[in-house]
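If you want the building blocks of each chain, they are given just below.
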Amino acid sequence: MSTTFRTTRRAALAGLSALPWMGRDGFAAPKTGGTLTFVQNSEPQTLVALTTTATPVLTVSAKVTEGLLEYDYDVNPRPSLATEWTISPDGKTYTFKLRPGVKFHDGKPFTSADVAHSIQLLKTVHPRGRNTFANVAEVQTPDPLTAVLVLSKPAPYLIRALTAAEAPMVPRHVYEGTDPRANPNGNAPIGTGPYKFKEWVRGSHILYERNPDYWQAGLPRIDRFVFKILPDTGARSIAFENGSGDIGYRTPVALSDLERLKKLPHLVFETKGTSYSYNVQCLQFNLDSQFFKHLKVRQAVAHAIDRALLVKTVCYGYGTVCYSPVAPGLKAFHDPTPSPYKFDLKKAEALLDEAGFPRGANKIRFKVPLDYNPIGDESRRACEFFRAVLGRVGIAVDVRAQDISAFAKRIYTDREFDFTFNGHSNLFDPTVGVQRIYWSKNFKKGVPFSNGSNYNNPKVDALLEGAAVENDPVKRKAMFVEFQKIVGEELPDISLYSPLYLTIKNKRVHEDSLTADGVEANMAHVWLDT
Amino acid sequence: MRMGRRIATTLRRTVIHAGPTVLGIIVLDFLLLQLMPGDAADVIATEAGVATAETMAAIRERFGLDQPVLTQLMNFLGHLAQFDLGYSPRYNMPVLDMIMMRLPGTLLLMVTALSLALAMGVIVGSVMAAWAGRWPDRVLSVVVLLLYSMPGFWVGLMAVVLFSVKLGWLPSDGNMTIGAELTGFGLVADRLSHLVLPALALASFFVAVYARLTRASMLEVQRQDFMRTAHGKGLHPFFIQLRHALRNALIPVTTVAGMHLGNLLGGAVVVETLFGWPGMGRLALEAVLARDFSVLLGVLLLSSFLVILANVTIDLLHAWLDPRIGEAG
């Protein structure tokens, strides 16, 4: 009897949660009001992600400045400021119908002129937009609610580049005729978003307020959106623990704290909303290095590393083993074939002998410094791991620490390094996120996250250039798979793992991560238990 | 009258010394900063995780990094001569505004911590001296030793764990409740509750220093002739300790406290980071990491002013505490 009752109730609940007026996470009806406190790791340079793609800016930007589209967890586009869109069969014309009745916070209407101006700005001042929108020849505005992007060549990745944080739609009347980098809108933005800028107290917090005239009726639900700037990891753990911080993303606490925090009943650990951008961590070689110019030495290093153990010890298990520079999360392009160089210390030793680096005094073959990208707190631990495992095959690793500026200069300008533990963001497409690391034409001194290995393979160049303009998804995937196979064999770097990022939140927070970019989106739906 | 003249002499001397000192600090800082590897454009590009040669060049031009070093220095000094600290392209605002947003927070924290450290240190030190060798002295010695050997950030962390995580009495971060829109007494109470833990964390080490210094100086004074005379006059022991022993003992304590102001600025970086306190120490640290040198030079310049100001205050205090000081000048 009771079993029947429970089943019925569960079925009834399941039915209810499908109703549109219920919260999207199947909870009770959303409540209104309250203040959401977002735990922000560091101070953003600006509040609009127009001239930079730095992580601290991405979180604060979309709440005020929105994009043409949003994306579901599998990165399929959904309407946002654009309600409909069509792509011509040749992939060279994108037509967007804009949402009518949308107003900027200063009351001016949002029209196709704003879209045209924003795309133009992105193409010139956005670090990634320069490449993403490079093929956009012009943006036509036949009427105020239609914007047509005309491309010189196809750009199959473009349709996934239109989130609020990646391609923000800024007001033309504010930016026209000004230097976008110095525009005061960056410090006190107006946009079409669910939240309006209220104040920015440097070093302390950024405060947004509910936009009562938001284009989506009934949204937003909270009164205030606070970004609290907490640069110390320990302080962030405490903020989640004592409830003074509601939500933070990209695992905002030390991995070693997670086990303790997971025991707290009021915290929820969310993995949804991280599919817009995946990172791949790798050991990147300088192919001009006296040691690593030898393929056999690189192969030996690959044989010496047990990726599963690395993820287990260095990342506390929060990562996915990865043999390819295209992250497993990018399912449409990822090649899951394991590396041809399995974990095998004997093989590593043999290869090093063959390469002409026999064990010498103290059983050391050679000494080599290892630099690491200081962004991310597991980098140092990863380097300790490499020091230990490479020590076992006779390579004496000396771990070198430096801040990000010194790191960038060493790797990309001075090129005074042998190998480095580095990470690259794949973003939503390999042409945008991966090509830059392996394309010989992107070996550019002084440009961070360019082709740092100085890798040069005409075949790879041809595959990457081909995939960049290939409209057929099947052919495109085949090109990327072949590319992954070649770099997996030639090892300009050794791809190791893709970190698994957690969003930590108080259980009173609901409907926070509804899209591929999770809390980097506008968070118009978020609501709080009161 | 003589007092006034002494103070005037002290002030005049300080002002004459201050000018070249500040100029020296600026030029030296500027040149030292040039030795740091990488520049603001490297940082911005690395933070963004992506860059092109064109965006890098545009950033360098905006920061004036495409100019020769000497031109950059001359530009900076030229602006400075017009009381203009320059502009931070990274944050897109004048450096003076950025510093002024942070200065009150830092001053509040530093003055509170220093006052707290001085008050507690002198009281503890006096008690230790008065009961030298007996149990209050022994017990306090242990406490002082603990404070002396524990780093401030650790004291702060433990205080946070106890008072804000376990007991929930005090907030763990920030300098106010954001968006609370408090007024009057509520506002003051809110600010104070946020100030307590960082001030204690910053003060803990210095309490120990001042306590030990006060104890040693007071014990040294005890054997002086004028102390015997005071006893001989039949003064109450409490007043002897206060007016004769402590007043003399304060000279070394205040001297050291003046020098500690610079240390406090350094210690503030750690404490401000730990407590998310919007102060100048963190601004300086962030400016170093970001290679945002216009901001850093501004902070350093202002810090050197603060230290000079503190020294003047200490000189004046000495002139008042000990009439012999300042006469020679």
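This text follows the structure it describes.
In this text, all values refer to a predicted model and were calculated from it rather than measured experimentally.

The rules behind the values
- Residues numbered from 1 in each chain as written.
- Chains lettered and ligands numbered in written order.
- Predicted model: local features only at pLDDT ≥ 70, side-chain atom pairs only at ≥ 80, totals over all residues.
- Heavy atoms only, no water.
- Helix = DSSP H or I, 4+ residues; strand = E, 2+ residues; numbered from the N terminus.
- Rg over C-alpha atoms; globule rule 2.2 N^0.38 Å.
- Buried < 20%, exposed > 50% of the residue type's maximum accessible area, 1.4 Å probe, protein only.
- Areas by Shrake-Rupley, 256 points an atom, 1.4 Å probe, with all protein chains shown as cover.
- Lys, Arg positive; Asp, Glu negative; His and termini not counted.
- Charge placed at Lys NZ, Arg CZ, Asp CG, Glu CD.
- Contact = heavy atoms within 4.5 Å.
- Buried area = accessible area lost by both parts, 1.4 Å probe.
- Salt bridge = Lys/Arg side-chain N within 4 Å of Asp/Glu carboxyl O.
- Polar contact = N/O pair within 3.5 Å; in protein donor to acceptor, adjacent residues only side chain to side chain.
- Nonpolar A, V, L, I, M, F, W, Y, C, P; charged D, E, K, R; others polar.
- Pairing = 2+ DSSP bridges.
- Axes fitted to C-alpha atoms, helices over the stretch in contact; angles between N-to-C directions.
- Core = buried A, V, L, I, M, F, W, Y, C linked by side-chain atoms within 4.5 Å.
- Phe/Tyr/Trp six-rings, centres within 6.5 Å; stacked < 30°, edge-to-face > 60°.
- Lys NZ or Arg CZ within 6 Å of the ring centre and 35° of its normal.
- Patch = residues over 30% accessible without salt bridge, like charges linked within 9 Å, V, L, I, M, F, W, Y side chains within 5 Å.

Caption draft 1: View of the overall build of chain A. Within chain A, the regular secondary structure consists of 16 helices and 21 strands. Here chain A has a C-alpha radius of gyration of 25 Å; the compact-globule value for 530 residues is 24 Å, and the two agree. Expressed along its principal axes, the backbone C-alpha trace of chain A runs to roughly 75 × 65 × 50 Å. Across the 530 residues of chain A, 59% fall into the buried class. For chain A, the exposed surface amounts to about 20100 Å²; the carbon and sulfur share of it is 54%. Once the 65 positive and 55 negative side-chain charges of chain A are each reduced to a mean point, those two points are 3 Å apart.

Caption draft 2: Main features of the interface of chain A and chain B. Of the residues lining the interface, 52 residues belong to chain A; the matching set on chain B comes to 44 residues. For the pair chain A and chain B, the summed buried area comes to about 4200 Å², and 59% of that belongs to carbon and sulfur atoms. For the interface between chain A and chain B, the tally reads five salt bridges. Linking Arg130(A) and Glu54(B) is a salt bridge whose minimum nitrogen-to-oxygen distance equals 3.6 Å. Counting across the chain A and chain B interface gives 16 residue pairs in polar contact (both at pLDDT 80 or more). The greatest single-element share of the side of chain A that touches chain B, amounting to six residues, is contributed by helix α12 (residues 404-414) of chain A. Here the residues of the side of chain A that touches chain B are counted per class, giving 22 nonpolar, 16 polar and 14 charged.

Caption draft 3: Fine view of the sheet that holds strand β18 (residues 493-499) of chain A. All names here are of chain A. Across the sheet, six strands lie side by side as β14-β18-β13-β17-β15-β16; this open sheet has mixed pairing. The two strands at the open ends of the sheet, each matched to only one other strand, are β14 (319-321) and β16 (395-400). Strand-to-strand twist across the sheet, computed as the mean angle between neighbouring axes with direction ignored, equals 30°. As paired strands, strand β13 (residues 278-285) and β18 are joined by four bridges and run antiparallel to one another. The partner of Cys 282 across the bridge, within β18, is Ser 495. The sheet strands contacting helix α9 (residues 307-314) are β14 and β18, and the helix crosses β18 at an angle near 45°.

Caption draft 4: Local environment of the nonpolar core. Counting residues in each nonpolar core, the largest one holds 75 residues, and the members touching the most others are Ile99(B), Tyr210(B), Phe275(B), Met280(B), Val295(B) and Val299(B). Val299(B) has contacts with Ile99(B), Met280(B), Leu283(B) and Ala284(B), leaving out every residue within four places of it along the chain. Among the nonpolar cores identified, the runner-up in size contains 56 residues, and Ala382(A), Phe385(A), Leu464(A) and Tyr497(A) belong to it.

Caption draft 5: Representation of the side chain of Ser324(A). Within the secondary structure layout, Ser324(A) lies in the loop between β14 and α10 (345-354). Among residues more than four places away in sequence, those in contact with Ser324(A) are Val280(A), His334(A), Asp335(A), Gln484(A) and Ser495(A).

Caption draft 6: A look at the environment of Thr274(A). All names here are of chain A. With respect to the helices and strands, Thr 274 occurs in the loop between β12 (267-270) and β13. Using a relative accessible area of 22% as the deciding quantity, one classes Thr 274 as partly exposed. Counting along the chain gives 24 residues from Thr 274 to Arg 298, while the straight-line C-alpha distance between them is 32 Å. Once residues within four sequence positions are removed from consideration, Thr 274 is found in contact with Tyr 501 and Ala 516. In terms of polar contacts, Thr 274 uses its side chain to reach the backbone carbonyl oxygen of Thr 271, at 2.9 Å.

Caption draft 7: Highlighting unusual backbone geometry. Between Leu219(A) and the following residue, Pro220(A), the backbone shows a cis peptide bond with an omega angle of -10°. Mapped onto the elements of the fold, Pro220(A) is located in the loop between β9 (205-210) and β10 (224-229). For Met523(A), which is not a glycine, the phi torsion comes out positive at approximately 55°. Examined against the element boundaries, Met523(A) turns out to sit in the loop between β20 (509-510) and β21 (527-528). Taking the relative accessible area as the measure of exposure, Met523(A) reaches 3% and is therefore buried. Residues other than glycine seldom take positive phi values, yet Asn92(B) does so here, at roughly 60°.

Caption draft 8: Structural context of the packing of aromatic side chains. Residues and elements named next belong to chain A. Going through the model one piece at a time under the given rule, you end up with 29 aromatic pairs over all chains. With a centroid separation of 6.4 Å and 75° between ring planes, the pair formed by Phe 292 and Phe 366 is classed as edge-to-face. Of the two residues, Phe 292 is situated in the loop between β13 and α8 (295-304) and Phe 366 in strand β15 (residues 366-372); the sequence distance between them amounts to 74 residues. As far as the burial class goes, Phe 292 and Phe 366 line up, both buried. When its relative accessible area of 0% is taken as the criterion, Phe 292 is described as buried. Here the aromatic cluster, defined as three or more aromatic residues joined through ring pairs, consists of Phe 38, Tyr 195, Phe 197, Tyr 208, Phe 225, Phe 227 and Tyr 249. Positioned over the ring face of Tyr 501 is Arg 250, at 4.5 Å from the centre of the ring.

Caption draft 9: Quick look at a nonpolar patch on the surface. Residue and element names in this part refer to chain B. Among the surface-exposed residues, Phe 153, Trp 154, Met 158, Val 161 and Val 270 lie close enough to one another that they form a single nonpolar patch of about 420 Å² accessible area. The element best represented in the nonpolar patch is helix α7 (residues 152-166), accounting for four residues. Among the structural elements, Met 158 can be located in helix α7.

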